[in-house]
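Each chain, letter by letter, is given below.
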Amino acid sequence: GEFATQRAGTVATLRSEAAQQPEYGAAALKMGAGEGHGGDAPSFLSSLQRFDAFPKVNEDFFQRTLSGGVITVAATVVMVLLFFSELRVYLAVRTEYGLTVDTSRGEKLQINLDVTFPHLPCGVVSLDAMDVSGEQHLDVAHNIFKRRLDETGSPVATGEKEQTLGAKVMPAARQKDGSVHDPATTNETYCGSCYGSEETPEQCCNTCDEVRESYRMKGWAFSNAEGIEQCAREGFSDNIKNQEGEGCNIYGYLEVNKVAGNFHFAPGKSFQHGNMHVHDLMPFHTNSFNMSHVVAKLSFGADFPGVVNPLDGVARDMDGEAGMYQYFLKVVPTTYQQIHGHAMATNQFSVTDHFKQVDAQAGENLPGVFFFYDLSPIKVELRERRHSVLHFVTSVCAIVGGLFTVSGIVDATVYHSHKAIKKKIELGKFT
């Protein structure tokens with residue numbers, strides 16, 4: 001009888017507390033009801049409550065302080081700033097580097113160039129390319145453009161694939177047999193003499209450039225332009241004089257074998273004399289060749305994000321009558337893989353340079369600008385990457401949790417320090 005009375009009193013007490021605390025009333029009644037049914041094992045939900053790592057505290061026990069508010073606002077601002085910083089890092093594309101052996105074979109190397117010679121006319125300078133395999137490209141005109149510049153550096157004319165010296169075939173030209181060819185009075189095809197440099201009896205040289213090219217193929221120096229009927233008719237010497245004081249902008253690209261080699265800008269047409277590479281300077285009647293130059297662009301292959309071409313924008317001013325500029329380039333094959341999967345095969349390079357004065361009349365060294373390149377056996381692999389979403393979420397959680405923890409420690413330190421100081425002041429022990 002007494003036990004039943006006590007049980008009834010306990011249930012009544014729980015109901016009374018539930019009426020005073022509505023938020024905990026339901027739980028208290030459940031516990032009382034469960035015990036009232038005599039169940040010894042708690043329910044599954046009641047067992048799950050034991051793992052609650054975030055126990056709730058009645059708001060009546062909270063104490064809000066000014067320092068806590070200031071710390072909360074500051075922590076929130078810092079949290080927002082760090083969140084956007086992490087978001088920027090997540091959206092940014094980073095580049096990963098790797099090295100491997102270059103196993104490519106039989107490929108071509110594209111050389112992009114844009115070089116200006118402020119004091120060298122287009123009719124004087126020529127571009128040659130050669131490599132260690134023995135392949136040569138002399139007086140390159142394919143995919144190479146020349147633009148004449150005046151003394152101020154302004155273009156005189158648009159770029160042309162082959163900048164001639166104003167070649168213009170005039171009437172009354174002489175045939176190979178010495179007879180006069182007048183297109184107004186005869187239907188015969190004009191065939192000019194090559195002056196002994198022709199490879200076959202049927203070969204014709206109808207312009208001054210064709211005579212010069214025939215001389216070059218023969219390995220002869222072109223020394224007497226006035227004695228060549230085609231050159232005299234086209235005014236070769238006069239055109240050279242008319243271009244004095246002009247400059248030349250040479251731009252375009254070369255395609256060469258992917259082996260070590262060189263390309264160079266030098267005055268005069270080039271030809272092979274035995275095993276030597278020779279430039280014919282005699283038609284210009286001068287030993288002064290100012291090889292000052294500006295490299296606006298020089299690259300090997302296509303550009304990719306972040307590439308640095310060390311010679312872009314380099315300018316060299318020469319003192320003296322003639323000089324030789326030498327650039328030694330180390331070309332590194334490079335593969336750049338974009339984030340969307342597209343891969344680009346290109347190259348990077350490093351450079352060292354050297355300059356020396358030369359005597360064009362002595363013929364020991366050729367005035368010009370020389371680029372000697374060699375290829376590295378190591379390939380650089382560049383890959384665009386972005387952090388994963390999981391990495392971003394982890395970083396955000398670390399920011400939020402870390403700031404809450406640190407701000408809580410700071411707030412507790414400030415609160416207890418203020419409380420201790422206030423207590424000492426009340427006791428009169430604070431000095």
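Everything here concerns the structure above.
A brief structural summary.

Reading the values: the criteria
Residues numbered from 1 in each chain as written. Predicted model: local features only at pLDDT ≥ 70, side-chain atom pairs only at ≥ 80, totals over all residues. Heavy atoms only, no water. Helix = DSSP H or I, 4+ residues; strand = E, 2+ residues; numbered from the N terminus. Polar contact = N/O pair within 3.5 Å; in protein donor to acceptor, adjacent residues only side chain to side chain. Contact = heavy atoms within 4.5 Å. Patch = residues over 30% accessible without salt bridge, like charges linked within 9 Å, V, L, I, M, F, W, Y side chains within 5 Å. Areas by Shrake-Rupley, 256 points an atom, 1.4 Å probe, with all protein chains shown as cover. Salt bridge = Lys/Arg side-chain N within 4 Å of Asp/Glu carboxyl O. Lys, Arg positive; Asp, Glu negative; His and termini not counted. Charge placed at Lys NZ, Arg CZ, Asp CG, Glu CD. Core = buried A, V, L, I, M, F, W, Y, C linked by side-chain atoms within 4.5 Å. Buried < 20%, exposed > 50% of the residue type's maximum accessible area, 1.4 Å probe, protein only. Disulfide = S-S within 2.5 Å.

1. Focus: the side chain of Asn 257
Within the secondary structure layout, Asn 257 lies in strand β8 (residues 247-257). In this structure the side chain of Asn 257 is engaged in a polar contact, spanning 2.8 Å, whose partner is the side chain of Glu 135. In contact with Asn 257, not counting residues within four places along its chain, are Glu 107, Lys 108, Leu 109, Asp 131, Ser 133 and Glu 135.

2. Digging into a positive patch on the surface
A cluster of basic residues, Lys 419, Lys 423, Lys 424 and Lys 429, forms a positive patch at the surface. Looking at the element boundaries, Lys 423 is found in helix α8 (residues 389-427).

3. Thoughts on the nonpolar core
Core analysis: the biggest nonpolar cluster contains 50 residues, and Leu 254, Phe 263 and Phe 265 have the highest contact counts within it. Of the residues forming this core, the biggest block, 5 residues, is contributed by strand β2 (residues 108-117). Setting aside residues no more than four positions away along its own chain, Phe 265 makes contact with Leu 113, Val 115, Phe 117, Val 125, Ser 126, Leu 127, Ile 250, Met 291, Gly 368, Val 369 and Phe 371.

4. Points about helix α5 (residues 208-218)
Regarding α5, the residues found buried are Cys 208, Asp 209, Val 211, Arg 212, Ser 214, Tyr 215 and Arg 216. The first or second residue beyond α5 is Gly 219, which carries a positive phi of 85 degrees.

5. Quick look at the state of the cysteines
Here a disulfide denotes one covalent bond, and it connects the sulfur atoms of two cysteines. Applying the stated rule across the entire model yields 4 disulfides. Here Cys 122 engages in a disulfide with Cys 248; their sulfurs sit 2.1 Å apart. Handedness of the Cys 122-Cys 248 disulfide follows from its S-S torsion of about 100 degrees: it is right-handed. Pair noted here: Cys 122 is in the loop between β2 and β3 (125-131) and Cys 248 is in strand β8, with a separation of 126 residues, a long-range link. Neither Cys 122 nor Cys 248 differs from the other in exposure class; each is buried. The disulfide partner of Cys 208 is Cys 231, and the gap between their sulfur atoms is 1.9 Å. Torsion about the S-S bond of the Cys 208 and Cys 231 cystine: about 85 degrees, corresponding to right-handed handedness.

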